[in-house]
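Observations on the three-dimensional arrangement
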Amino acid sequence: MNDTRPIGVFDSGIGGLSVLKELVSLMPKENYIFVADQLNVPYGEKTKKELQKITLAICNFFVSQNTKLIVIACNTATCYALDYLRSKINIPIVGTVPAIKPAAQKSKSGVMGVLSTPATSKSLYLKNLIKLHASNIKVVNIGCFNLENTVEKGDLNSPKVKKLLNKYIRPIKKSGADVIVLGCTHYPFLKNQIQNITGISTIDSGKAIAEHTKKTLQRMSASNKSGGEIHFYTTGKARFFSKVASLLLKKTISAQKLILKI
Ligand code: DGL
């Protein structure tokens, strides 16, 4: 059976495109609706209550669009709202969390760095992930203010970005870490810069999320082999989103404005 209903994918902004890219690469024949909540970016400086309220409104939009599954392409929203959203929304939800487990398996020095938003870095969710998968590893956990904002603007290489990266990466470099977890979906767009500065390899969750989504759809008997459409929405400025998204994905993207019912 072919289930042509779309998959809903969302983030606070442009970062979710790093997950969407992996989803499309693994499942090109699925239809997608992508929502960038740029009116409310950065999620990493919001409270749990705010995040739950906003992300519920996005999920309700997906329900109104008859989506078969939702991917939260955002670590911060997953850490603070995944359980809440699952209790409110009656379709499967796949979350994104920092790749602590594969990083712990990969590390030979026994030290890893984690870069994420301020909210994710201090979350109980991350603390528990570390306890569960990296109890024998030293974890240098850095919450990064403003890094997602530069990616939002399509700024990946300016001196300002390099200065910010150097500041956040310095303690990781000093620690002897041999792997850096990119715990925010905006950061894979800075992967080359991070690797150039540190010489340390990075790891993110994009591919694993895509594989998990594929398996979930197979279990639901809800895969699609005849689609391939992607509709982009932003709660911010559609022209600006389209410009930056086209730059990052290296193809022409045209987004529509979405007004959320919060
Ligand atoms: N991209 C998001 C994440 O993975 C959040 C960035 C932000 O809005 O602070 O956490």
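Attention here is on the structure that accompanies the text. The structure displayed is predicted, hence computed values, not measured ones. In every chain, residue numbers begin from 1 and rise along the written sequence. Under the rules for a predicted model, residues below a pLDDT of 70 receive no local features and side-chain atom pairs below 80 are neither given nor counted, while totals for whole chains, interfaces and linings still include all residues. Just so you know, side-chain values use all the structure's heavy atoms and leave hydrogens and water out.

1. Comments concerning the sheet that holds strand 8 (residues 201–203)
Stated precisely, the cut-off is as follows: Paired strands are those between which DSSP finds at least two bridges. The helix count covers DSSP runs of H or I at least four residues long, the strand count covers runs of E at least two residues long, and both are numbered beginning at the N terminus. Angles shown run from 0 to 180 degrees and are taken between the N-to-C directions of axes, each axis being a line fitted to C-alpha atoms and, for helices, limited to the stretch in contact.
The strand order across the open sheet formed by four strands is 6-5-7-8, and the pairing between neighbours is parallel. Among the strands making up the open sheet, the edge pair consists of strand 6 (138–143) and strand 8. Shown here is a sheet whose adjacent strand axes are inclined to one another by a mean of 25°, direction ignored.

2. Observations concerning unusual backbone geometry
Residue P42 is reached from V41 by a cis peptide bond, and omega for that bond is 5°. Relative to the assigned elements, P42 resides in the loop between strand 2 (32–36) and helix 2 (48–64). Non-glycine residue S221 carries a positive phi angle of around 55°.

3. Some words on the packing of aromatic side chains
The cut-off we apply is this: Only the six-membered ring of Trp is used, alongside the rings of Phe and Tyr, when aromatic pairs are assigned; centres must lie within 6.5 Å, and planes under 30 degrees apart are stacked while those over 60 apart are edge-to-face, with the rest tilted. Here the term buried applies to any residue with accessible area under 20% of the maximum for its type, exposed to any over 50%, and partly exposed to those in between, with areas from a 1.4 Å probe on protein chains only.
Scanning the model with the defined rule gives six aromatic pairs in all. Centroid distance F61 to Y233: 5.2 Å. Interplanar angle 75°. Geometry classified as edge-to-face. Placement of F61 in helix 2 and of Y233 in strand 9 (residues 230–234) is noted, with a sequence separation of 172 residues between them. Given a relative accessible area of 13%, F61 falls into the buried group. Y233 gets classed as buried once you look at its relative accessible area, which sits at 13%. With a centroid separation of 6.2 Å and an interplanar angle of 40°, the aromatic rings of F232 and F241 are classed as tilted.

4. Focus on the packing of helix 2 against helix 3 (residues 75–88)
Condition: Note on terminology: angles under 35 degrees are roughly parallel, angles over 145 are roughly antiparallel, angles of 65 to 115 are roughly perpendicular, and the others are oblique. Handedness of a crossing is defined here by the sense of rotation of the near helix relative to the far one, left-handed for an anticlockwise turn of less than a right angle and right-handed for a clockwise turn. Residue contacts follow a heavy-atom distance rule, with two residues in contact if any of their heavy atoms lie within 4.5 Å. In this count, Pro and Cys sit with the nonpolar residues alongside Ala, Val, Leu, Ile, Met, Phe, Trp and Tyr, while Asp, Glu, Lys and Arg are called charged and the others, Gly among them, polar.
For the pair helix 2 and helix 3, interaxial distance at closest approach is 9 Å and the crossing angle is 55°. On the basis of the axis angle, helix 2 is oblique to helix 3. For the crossing formed where helix 2 meets helix 3, the hand is right-handed. Across from K48, L51, Q52, T55, L56 and C59 in helix 2, the residues of helix 3 making contact are T76, A77, Y80, A81, Y84, L85 and K88. A class-by-class count of the residues in the contact of helix 2 with helix 3 yields eight nonpolar, three polar and two charged.

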